[in-house]
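Chain residues, written in single-letter form:
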Amino acid sequence: MDGDERLKPPDKGGGECECLMETEGFKASADICRKRTGDNLSSEPLPKRTITDPESGLGSESNIYKHPSLEVNCRKYDVDDFGPFIVHVSRIADSPNSGVSLKPIRLGAFLVEGGVQSVKKDGIKQVGRNRLSVEFSSATAANEFLSHELLNKHKLKAEIPSYNISRLGLVRGVPTDWSMEEFVNATEYKEGHGKIMKARRLNRKIRRDDGSPAWLPTQSVVLTFEGQSLPKKIYAFYTSLVVEVYQLPTIQCRKCLRFGHVQNACRSNARCYKCGQAHSGDTCNIPSERVRCLLCTGRHLATDPTCPEFDRQKRIKKIMSENCVSYMEASAQEPVPNPYSRTSPEI
Ligand SMILES: [Zn+2]
Ligand SMILES: [Zn+2]
Ligand SMILES: [Zn+2]
């Protein structure tokens, strides 16, 4: 095994994770506003692990509802939003410097040159290899920056991350025979919270008698609320339903074993979940006593949910869900233990 491999974060800077968050949030508007990196979630089974809610597992269109405005609007802050007013800036993918990392101080100089004001002091942060976060002091300043001429001049694009202007809530107990449109139209909640932009019923993975996977609708629904607050309760048909903060799922790519995307969206080379070398684990014939996890060096498969790295990824997703921050900001709060314990359970 490459000794350095385990010290690298299992996700390359969080780009894939942001992709996942956008999948959860403003997918339709993202389709229109910018080029997407691909978010096909695989229905391929992972060893010993179940992906709880890939969109590809949806049984029918009635399992998803999208507000019509999702089809036309690019994301902007509302005057009622209380901040932070963050805009993400990245290089346009096919620009000459797209492979070179974008540094905060260089972008800061572009902003000064372009006369952009209302940027907070120390407000530019790196949140990905080719992605910077710029914090403005007002909603208007952030919105105006989205179409500033300096972006074109320097081949940059700016967008408001969906997790900054929407909140994901989970409600349980929604009868499985209701369509999402029917349900959303019946809901009411306190004023001051934004409208429901999207509703998506979660599915549960089961095995048919012949071993093939199938997806069954559950009574749990993920609601995307516009704005920066989540109502505590919603009302429908003379009853109330508690709205919990939706915990983003932890998913692992079966091909490269990194977290935050699945095989169909993978842009990396294969790594073996049995021995850690550069080949697919499905065809690796290493004897079980020589199995070693490339994430933590423990004596288990790199897809084993008892791996401490899987726990760390779950903690990162919890921080992302509860604090509405990017993967990079969340993972900075959960550094990789160095070295990982070598006393992990034997398989
Ligand atoms: Zn991958
Ligand atoms: Zn192998
Ligand atoms: Zn491990």
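First things first, this report covers the structure right here in the doc. As the structure is a computational prediction, the values presented were derived from the model and not from experiment.

### Re the pattern of salt bridges
- Under the counting rule described, the total for this entry stands at eleven salt bridges.
- Notably, a salt bridge pairs Arg 312 with Glu 309, separated by 2.8 Å at the nearest N-O pair. Residue Arg 312 and its partner Glu 309 are located together in helix α8 (residues 308–323), separated by three residues, close to a single helical turn. Residues Arg 312 and Glu 309 agree in their burial class; the two are buried.
- Across the salt bridge formed by Lys 318 and Glu 322, the nearest N and O atoms sit 3.5 Å from each other. Here the residue Lys 318 and the residue Glu 322 both occupy positions in helix α8, the gap between them amounting to four residues, near one helical turn.

### A word on the coordination of the zinc ion (ligand 2)
- The protein atoms that coordinate the zinc ion (ligand 2) are Cys 272 (SG), Cys 275 (SG), His 279 (NE2) and Cys 284 (SG), at distances spanning 2.0 to 2.4 Å.
- One can describe the donor arrangement at the zinc ion (ligand 2) as tetrahedral, given that its four donor atoms subtend angles of 103 to 121° at the metal.
- Every donor residue of the zinc ion (ligand 2) comes from the same chain, spaced as C-x2-C-x3-H-x4-C.

### Focus on the sheet that holds strand β10 (residues 233–236)
- Strand order in this open sheet of three strands is β7-β10-β11, and the pairing throughout is antiparallel. Because the sheet does not close on itself, it has two edges, and the strands there are β7 (187–188) and β11 (239–242).
- For β7 and β10, the ladder comprises two bridges, and the chain directions are antiparallel. For Glu 188, the partnering residue across the bridge sits in β10 and is Tyr 235.

### Observations regarding unusual backbone geometry
- A cis amide bond links Gly 83 with the next residue in sequence, Pro 84, at an omega value of 5°.
- We note that Ser 118 has phi near 65°; this positive angle belongs to a residue other than glycine.
- Here Ser 118 shows up in the loop between α3 (104–113) and β3 (119–128).
- Despite not being glycine, Phe 237 has its phi angle at roughly 50°, a positive value.
- Along the chain, Phe 237 falls in the loop between β10 and β11.

Rules used in this analysis
Residues numbered from 1 in each chain as written. Chains lettered and ligands numbered in written order. Predicted model: local features only at pLDDT ≥ 70, side-chain atom pairs only at ≥ 80, totals over all residues. Heavy atoms only, no water. Salt bridge = Lys/Arg side-chain N within 4 Å of Asp/Glu carboxyl O. Helix = DSSP H or I, 4+ residues; strand = E, 2+ residues; numbered from the N terminus. Buried < 20%, exposed > 50% of the residue type's maximum accessible area, 1.4 Å probe, protein only. Donors = N, O, S within 2.8 Å, 3.2 Å for Na, K, Ca; no water. Tetrahedral: all angles 85-135°; square planar, octahedral: opposite > 155°, others 65-115°. Pairing = 2+ DSSP bridges.

The quantities given are spatial measurements derived from coordinates; they are silent on function.
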